[in-house]
Amino acid sequence: MHGAAGPASRTAVGAGRTGHRPPRPPGTDHSALTVVLLGIGLGVLCGLVSGLLVSFGRVPALVVTLGMLYVIQGIDHAWAHGEQINAADVPDDVLGLGSGSVLGIPYLPLISAAVLVGTAYYLRTYRSGRELYAIGSNPEAARLAGIPIRRRVLAAYAFSGAVAGLAGALWLARFGTVVADAANGWELTVVSSVVVGGIAITGGVGTVWGAALGALLLTTMGSALVVLKVDSFWQQAITGVLLLAAITTDRIVNLRTTSALRKRSRR
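Since the model is a prediction, treat every value here as computed from it, not as a measurement. (Residues numbered from 1 in each chain as written. Predicted model: local features only at pLDDT ≥ 70, side-chain atom pairs only at ≥ 80, totals over all residues. Heavy atoms only, no water.)

### Quick look at unusual backbone geometry
What counts, and what does not: Think of it this way: any DSSP run of H or I at least four residues long counts as a helix, any run of E at least two long counts as a strand, and we number them from the N terminus. Per-residue accessibility, obtained with a 1.4 Å probe over protein chains only, is compared with the maximum for each type, and a residue is labelled buried under 20%, exposed over 50%, and partly exposed between these values.
You will see that arginine 58, though not glycine, has its phi angle at about 55°, which is positive. Position of arginine 58 among the secondary structure elements: in the loop between helix H2 (32-55) and helix H3 (61-79). For arginine 58, a relative accessible area of 65% gives the class exposed. Of note, leucine 103 is a non-glycine position whose phi angle comes to about 55°, a positive value. Residue leucine 103 is classed as exposed on the basis of its relative accessible area, which comes to 85%.

### A word on the side chain of threonine 119
Filter applied, for reference: Whether two residues are in contact is decided by their heavy atoms: any pair within 4.5 Å suffices.
By the secondary structure assignment, threonine 119 is in helix H5 (residues 107-125). Excluding residues that lie within four positions of it along the chain, threonine 119 makes contacts with Phe159 and Val208.

### Details of the pattern of salt bridges
To keep things clear, this is the line we draw: A carboxyl oxygen of Asp or Glu within 4 Å of a side-chain nitrogen of Lys or Arg is what we treat as a salt bridge.
Applying the stated rule across the entire model yields three salt bridges. In this structure, glutamate 131 engages arginine 127 in a salt bridge whose closest nitrogen and oxygen atoms are separated by 3.2 Å. You can see glutamate 131 and its partner arginine 127 sitting in helix H6 (residues 127-137), four residues apart, about one turn around the helix. Residue glutamate 131 is classed as buried on the basis of its relative accessible area, which comes to 8%. On the basis of relative accessible area, arginine 127 is assigned to the exposed category, the value being 67%. Across the pair arginine 143 and glutamate 140 runs a salt bridge whose closest N-O atoms are separated by 2.4 Å. Of this pair, arginine 143 and glutamate 140 both sit in helix H7 (residues 139-144), separated by three residues, roughly a single helical turn.

Structure representation (structure tokens):
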């Protein structure tokens, strides 16, 4: 027993001293740019499928979004055979993206800020961006105004899918370990973030900055509740209460605004 184990142990120790590492699995030599572009491409493909169902099939957007979420999770689970992807399976360049920084600022916040600024500028400046607000406010009026609704909705879903794919690639770079149902249960948190950030759930109102601030608020609140050792069940309950409060407030404001406009038109 000792004679057989001794050489193997010395070989392992020698390999550690000389800096030799065991061979990495195939496919772990891709660059971070390749992985990010692949994630964006897959996201765009999924977004186009959802956009086609919404714009041409006239399926409710919420149903399509949740359905596509569960379909993708099922495909991921079958593709990965239910196994967890560990850091050993991830390219070093991708892990470097998640831990690297420039001038002391991590790459991931810089990428997120660039996406936020670019999206906000587009929605505020370009005509096609303003048209998305018109479609969300009143699709029928937007159609009568000559806005290509189907094209705009399809482009919006494709862009949303691209951002989701980018977020997935950055998640992999940040944590290095993923499972098929990563971020499971975040649907309520995402909806709550955008509604708390001032975005009307019916569409047509809101900004990218509001959604970002809403997400930051709920994330900070969740971290504080963890520090205070609040049970996870109550964390979800608080998130749900905030969601209901935000929707109720938005509805009350809309009703008062509509009533004020009607009184002004009568005068």
